[in-house]
Amino acid sequence: MPAPARQRCHALLSALVTLATAVVLSLTAPAAPAFAADTWTEAGSDRADPLTESQGLTSVEVPAGSPNRYTGIGTIPLGVSSRGWNHVGDPDASYNGYYIEPYQRDSGNSKMFRVQAPGGAWSEYVHTLSPGEALNNSWVAVSPDGQWMLAGEYGTMSRLLVFPTPGVNASTSPSANLPQASTVNLDHAVRDVQGCDFSGPTTLLCSSDDPAGTLFGVTKPLLQVDLSGPPNGSADVSGHVTALRQLPLRSSCSGTFETEGIDYDRRTGTLRVIVISPGFCVLTDSKTYRFTRG
């Protein structure tokens, strides 16, 4: 039996009110963030030697029980520096034991990646600069699958470079140019990134030596970059950048600190970042800070 007209009208008005309320809520509710940023809490520190631990660091999983590796001006072999490769950046290691150091010269059109295989043998892979690519070679970060290596340019940049991982990716050879394979396009500019490391398949943690603080409202920030997909050599991916916190700036001396390399050890969940102290205190209280995820 059909409902009375008044009842049908009331039901229709109720439905319209419910629909209108849903539309208003969908328009006024804040959009969920595309990515959630982790919180990192300081958990301790160790002195960083200014000659041998002042540029970068990485944890090495293979062979088992390997010590952490560090770079600094004092770790550059004479045979390497005598050929003009006088600056070493923040290294990284693949999960299967390939250790990689980034090198640069003061001039020229190339940069170099020095690779130690798990068996101990060293080899060098030279990359001829792509058009518009900066000469500096600040850091490397090997993807969790081992096949791709990210590298960064110093200065204010809106991209990261992707290469096949030298020594790991079958397409690479010490006798051939190491080509840039693709690009990570960042949604927010970054400045003076000194190191990055993967903390997951599509997440990077990066240390920035930004002295101005105009990009994120803080100087010397710890950054997180969430990728739209795993890096590969066939297509570019995008990266969403978030500033997580300012890195520690504590010293007995006043002046300008320098943020250096970064490492995330997936076995312990520990993040480590080198911060070099200003002035004379570079010798006495430069630190490798340890962080845990809060």
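Residues numbered from 1 in each chain as written. Predicted model: local features only at pLDDT ≥ 70, side-chain atom pairs only at ≥ 80, totals over all residues. Heavy atoms only, no water.

J.: Any chance you could break down the sheet that holds strand 15 (residues 221-227) for me, citing the residues and the numbers?
T.: The strands making up a sheet are joined through hydrogen bonds of the backbone, oriented either antiparallel or parallel. Overall, mixed pairing links the 8 strands, which are arranged 9-10-11-12-16-15-14-13 in an open sheet. The open sheet has two edge strands with one neighbour each: strand 9 (140-142) and strand 13 (193-200). Ignoring strand direction, the axes of neighbouring strands in this sheet form an average angle of 25°. Of the strand pairs in this sheet, strand 10 (residues 148-151) and strand 11 (residues 156-164) are connected by 4 bridges, and their pairing is antiparallel. Bridge pairing links Trp148 to Pro164 in strand 11. (Pairing = 2+ DSSP bridges. Helix = DSSP H or I, 4+ residues; strand = E, 2+ residues; numbered from the N terminus. Axes fitted to C-alpha atoms, helices over the stretch in contact; angles between N-to-C directions.)

J.: An account of the nonpolar core is needed here, citing residue identities and associated values.
T.: Counting residues in hydrophobic clusters, the biggest one holds 19 residues, and the most contacted among them are Leu150, Val184 and Leu204. Only strand 10, strand 11, strand 12 (182-191), strand 13, strand 14 (203-208), strand 15 and strand 16 (237-246) provide two or more residues apiece to this core. What Leu150 contacts, discounting residues up to four positions off in sequence, is Trp139, Val140, Ala141, Leu160, Leu161, Val162, Val184, Phe198, Leu204 and Pro231. Residues Leu205, Leu247, Tyr264 and Val273 belong to the second largest nonpolar core, which totals 12 residues. (Core = buried A, V, L, I, M, F, W, Y, C linked by side-chain atoms within 4.5 Å. Buried < 20%, exposed > 50% of the residue type's maximum accessible area, 1.4 Å probe, protein only. Contact = heavy atoms within 4.5 Å.)

J.: Residues and numbers for the side chain of Ser59, please.
T.: Along the chain, the position of Ser59 falls in the loop between strand 2 (56-58) and strand 3 (69-71). Residues in contact with Ser59, not counting those within four places in the same chain, are Asn68, Ala93, Asp263, Tyr264, Asp265, Arg267 and Arg272.

J.: Account for the state of the cysteines, with residues named and values stated.
T.: This model, assessed by the stated rule, comprises 2 disulfides. Disulfide pairing places Cys196 opposite Cys206 at an S-S distance of 2.0 Å. On the sign convention where negative is left-handed, the bridge of Cys196 and Cys206, at about 110° about the S-S bond, is right-handed. Of this pair, Cys196 sits in strand 13 while Cys206 sits in strand 14, placing them 10 residues apart in sequence. In this pair, the class of Cys196 matches that of Cys206, namely buried. Covalently, Cys253 is tied to Cys281 through a disulfide, its sulfur atoms 2.0 Å apart. On the S-S bond that ties Cys253 to Cys281, the torsion sits near 70°, and the link is right-handed. One end of the pair, Cys253, is in the loop between strand 16 and strand 17 (258-265); the other, Cys281, is in the loop between strand 18 (270-276) and strand 19 (287-293), with 28 residues separating them in the sequence. (Disulfide = S-S within 2.5 Å.)

J.: Give a detailed account of the sheet that holds strand 17, specifying residues and quantitative values.
T.: Read across the sheet, 4 strands follow the order 1-19-18-17 without closing on themselves; strand pairing throughout is antiparallel. On the outer flanks of this sheet lie strand 1 (40-47) and strand 17, each paired with one strand and no other. Across this sheet, the average inter-strand angle for adjacent strands is 25°, counted without regard to direction. Here 6 bridges tie strand 18 to strand 19, and the two strands are oriented antiparallel to one another. By the bridge assignment, Arg272 is partnered in strand 19 with Arg290.

J.: Quick rundown of the pattern of salt bridges? Include the residues and the values.
T.: Tallying each qualifying case throughout the model produces 12 salt bridges. Close ionic contact of Arg266 with Glu61 constitutes a salt bridge, the shortest N to O distance being 2.8 Å. With Arg266 in the loop between strand 17 and strand 18 and Glu61 in the loop between strand 2 and strand 3, this residue pair connects regions lying 205 residues apart in the sequence. With a relative accessible area of 44%, Arg266 lands in the partly exposed category. Classification of Glu61 as buried rests on a relative accessible area of 18%. With a shortest N-O distance of 3.5 Å, Arg114 and Glu101 are connected by a salt bridge. Of this pair, Arg114 sits in strand 7 (residues 110-116) while Glu101 sits in strand 6 (residues 99-104), and the two are 13 residues apart along the sequence. As far as burial versus exposure is concerned, Arg114 and Glu101 are alike and both buried. (Salt bridge = Lys/Arg side-chain N within 4 Å of Asp/Glu carboxyl O.)

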